[in-house]
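Listed below are the residues making up each chain.
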Amino acid sequence: MHKTYKVAILATVGVSILSNMERRVKDMQIPQEIKQLVEGSPRLRPDDPKQAEFLKHAERLESPLAQVVLAEIVRDPRGMSAELNTVIGFLSDWTHTPYIDELRIYLYPTDTGTSIFCANMIRRYITEYADKFAEEAKLKRECKITCEINVLKRFGVDEQFFTEGLDDLLNKYAELIVRLKQENFKVVLAPVGGFKPECTYATIIGLLCGVDKVVYIHEAFRCFIELPAIPIDVSSWVIKLAEQIGHEACPRHVIESLGFDVEELKDRRILEEIGEEYRIAPWLIKILSIKGVKLSVSR
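Predicted, not measured: the structure shown is a model, and the values here were computed from it. (Residues numbered from 1 in each chain as written. Predicted model: local features only at pLDDT ≥ 70, side-chain atom pairs only at ≥ 80, totals over all residues. Heavy atoms only, no water.)

*Asks:* Kindly report on unusual backbone geometry, identifying the contributing residues and their values.
*Replies:* Of note, Lys-138 is a non-glycine position whose phi angle comes to about 65°, a positive value. Residue placement: Lys-138 occurs in the loop between helix H8 (130-137) and strand E3 (144-149). Residue Lys-138 is classed as exposed on the basis of its relative accessible area of 52%. (Helix = DSSP H or I, 4+ residues; strand = E, 2+ residues; numbered from the N terminus. Buried < 20%, exposed > 50% of the residue type's maximum accessible area, 1.4 Å probe, protein only.)

This is the structure in structure tokens:
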């Protein structure tokens, strides 16, 4: 009897659906107001007032825009969505796909109306047209398929993305990966859409947490690519520094007496300046906590 699998795919989401829709609406027999709304949508700034319009359309099942876009996705899922192209491309190519009993798909849009709209369209296709999705992906009909959206706050919104966005990514991404691994899921990353910082850090965090695969569709050659899941870890000297400093802030001379360069650590955002003292950056504390490294409360 062949081994069965539980698989989780974590995919970052951009606006490829709107980009593809923008190219297609010119030749479609649809209301003019929908064409006008789609035109220019992939290039909207995060703070553009139109972002709110797309958020409203994402939340309304009866939205005319959503219905038109969903119909086009159903007709051509891989051509309409880079995320679906990657997910379906991976599953249809993986030799173990016919033996998947449970598939969980987690979508991570950025905190913009357009990205959230696209994520909702992907989820609706996967859940409302599960049989068609399963057929495209070569999943067995009895495979349990679920799809969940986790919006990454602050990513792409403003310059605070590093502190607030990274913290949200760690909370929603790293902890989930660790939990899924504990539940014996094969975890696959698909850093497909969204802003570059999001995709970069999502991949790094995934590798730190021991994901099984990293996949995407090569833009130039339109072919499925699987990257090696290179095992990476937090450097031992960083762990040593964190263990010696603990959670509390401490003066510069204390850190330097331990043999560390404060300015270099601050520049690399390993240390955070608090008044005249320094502490381990919260993002690093979170990663160490996820990896089971316990830091002292006081020195």
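*Asks:* I'd like a rundown of the side chain of Asn-120, residues and numbers included.
*Replies:* Tracing the backbone shows Asn-120 in helix H7 (residues 113-128). Using a relative accessible area of 11% as the deciding quantity, one classes Asn-120 as buried. Each residue touching Asn-120, except ones within four places of it in the same chain, is listed here: Ala-58 and Ile-149. (Contact = heavy atoms within 4.5 Å.)

*Asks:* Any chance you could break down the environment of Val-238 for me, citing the residues and the numbers?
*Replies:* Residue position: Val-238 is located in helix H11 (residues 236-245). Linking Val-238 and Ile-270, residues 32 residues apart in sequence, is a C-alpha distance of 8.3 Å.

*Asks:* An account of the sheet that holds strand E9 (residues 277-280) is needed here, citing residue identities and associated values.
*Replies:* If you walk across this open sheet you meet the three strands as E7-E9-E8, and the pairing is antiparallel. Both edges of this open sheet fall to strand E7 (250-251) and strand E8 (271-274), since each of them pairs with a single strand only. For E7 and E9, the ladder comprises two bridges, and the chain directions are antiparallel. Along E9, the bridge assignment pairs Cys-250 with Tyr-278. (Pairing = 2+ DSSP bridges.)

*Asks:* Give me the packing of aromatic side chains: which residues, what numbers.
*Replies:* Using the criterion set out here, one finds seven aromatic pairs in the structure. Summarising the aromatic geometry, the rings of Tyr-125 and Phe-133 are spaced 6.3 Å apart at their centres and angled 90° between planes, so their arrangement reads as edge-to-face. Joined through ring pairs, the aromatic side chains of Tyr-5, Phe-90 and Trp-94 make up one cluster. (Phe/Tyr/Trp six-rings, centres within 6.5 Å; stacked < 30°, edge-to-face > 60°.)

*Asks:* Tell me about the environment of Lys-153, residues and numbers included.
*Replies:* In this structure, Lys-153 sits in the loop between E3 and helix H9 (164-182). With 15 residues separating them along the chain, Lys-153 and Asp-168 place their C-alpha atoms 6.3 Å apart.

*Asks:* Describe the pairing of strand E2 (residues 100-109), and please don't skip the residues or the numbers.
*Replies:* The buried fraction of E2 is high, at nine of ten residues. When strand E1 (residues 5-13) meets E2, the two strands line up parallel, connected through nine bridges. Counterpart to Lys-6 in the pairing with E2 is Glu-102. Bridging between E2 and E3 involves six bridges; their strand directions are parallel. For Ile-105, the partnering residue across the bridge sits in E3 and is Cys-147.

*Asks:* Break down the nonpolar core for me, with residues and values.
*Replies:* Judged by nonpolar contacts, the single largest core of 55 residues is most densely connected at Leu-91, Leu-103, Phe-117 and Phe-133. Counting residues per element, this core draws most heavily on H7, at eight residues. For Phe-117, the residues in contact, after removing those within four places along its chain, are Leu-18, Phe-54, His-57, Ala-58, Leu-65, Ala-66 and Val-69. Formed by 45 residues, the second largest nonpolar core is a distinct cluster that contains Ala-8, Leu-208, Val-238 and Ile-285. (Core = buried A, V, L, I, M, F, W, Y, C linked by side-chain atoms within 4.5 Å.)

*Asks:* An account of the packing of helix H1 (residues 16-24) against helix H4 (residues 64-75) is needed here, citing residue identities and associated values.
*Replies:* Put simply, H1 and H4 touch, their axes get as near as 11 Å, and they point 95° apart. As judged from the angle between their axes, H1 and H4 are roughly perpendicular. Contacts from Ile-17, Met-21 and Arg-24 of H1 reach H4 at Val-68, Val-69, Glu-72, Ile-73 and Arg-75. For the contact of H1 with H4, the per-class residue count stands at five nonpolar, no polar and three charged. (Axes fitted to C-alpha atoms, helices over the stretch in contact; angles between N-to-C directions. Parallel < 35°, antiparallel > 145°, perpendicular 65-115°, else oblique. Nonpolar A, V, L, I, M, F, W, Y, C, P; charged D, E, K, R; others polar.)

*Asks:* A description of helix H3 (residues 50-59) should follow, citing residues and the corresponding values.
*Replies:* Inspection of H3 places Gln-51, Phe-54, His-57 and Ala-58 among the buried residues, and these make up the whole buried set. For H3, the arc enclosing every buried residue in end-on projection is 120°, short of the 170-degree limit, so these residues lie on one face. Among the exposed residues of H3, those pointing more than 90 degrees away from its buried face are Lys-56 and Glu-59. Where the residues of H3 are buried, they touch H1, helix H2 (32-38), H4 and H7. (Arc of directions from axis to C-beta.)

*Asks:* I'd love a proper account of the side chain of Arg-124, names of residues and values included.
*Replies:* Of note, Arg-124 is situated in helix H7. When its relative accessible area of 13% is taken as the criterion, Arg-124 is described as buried. Each residue touching Arg-124, except ones within four places of it in the same chain, is listed here: Arg-60, Leu-61, Ala-66, Leu-70 and Tyr-129.

*Asks:* Report on the pattern of salt bridges, specifying residues and quantitative values.
*Replies:* For the coordinates displayed, the defined rule picks out 22 salt bridges. As a salt-bridge pair, Glu-62 and Arg-60 come within 3.6 Å of each other at their nearest N and O atoms. In this structure, Asp-101 engages Lys-140 in a salt bridge whose closest nitrogen and oxygen atoms are separated by 2.5 Å. A residue pair is termed long-range when its members are at least 10 positions apart, and Asp-101 in strand E2 and Lys-140 in the loop between H8 and E3 qualify at 39 residues. Under the relative-accessibility criterion, Asp-101 is labelled partly exposed at 33%. Taken together, the shared-partner salt bridges in this structure form one network comprising Arg-252, Glu-256, Glu-263, Lys-266 and Glu-273. (Salt bridge = Lys/Arg side-chain N within 4 Å of Asp/Glu carboxyl O.)

Nothing here speaks to function; it is all geometry.
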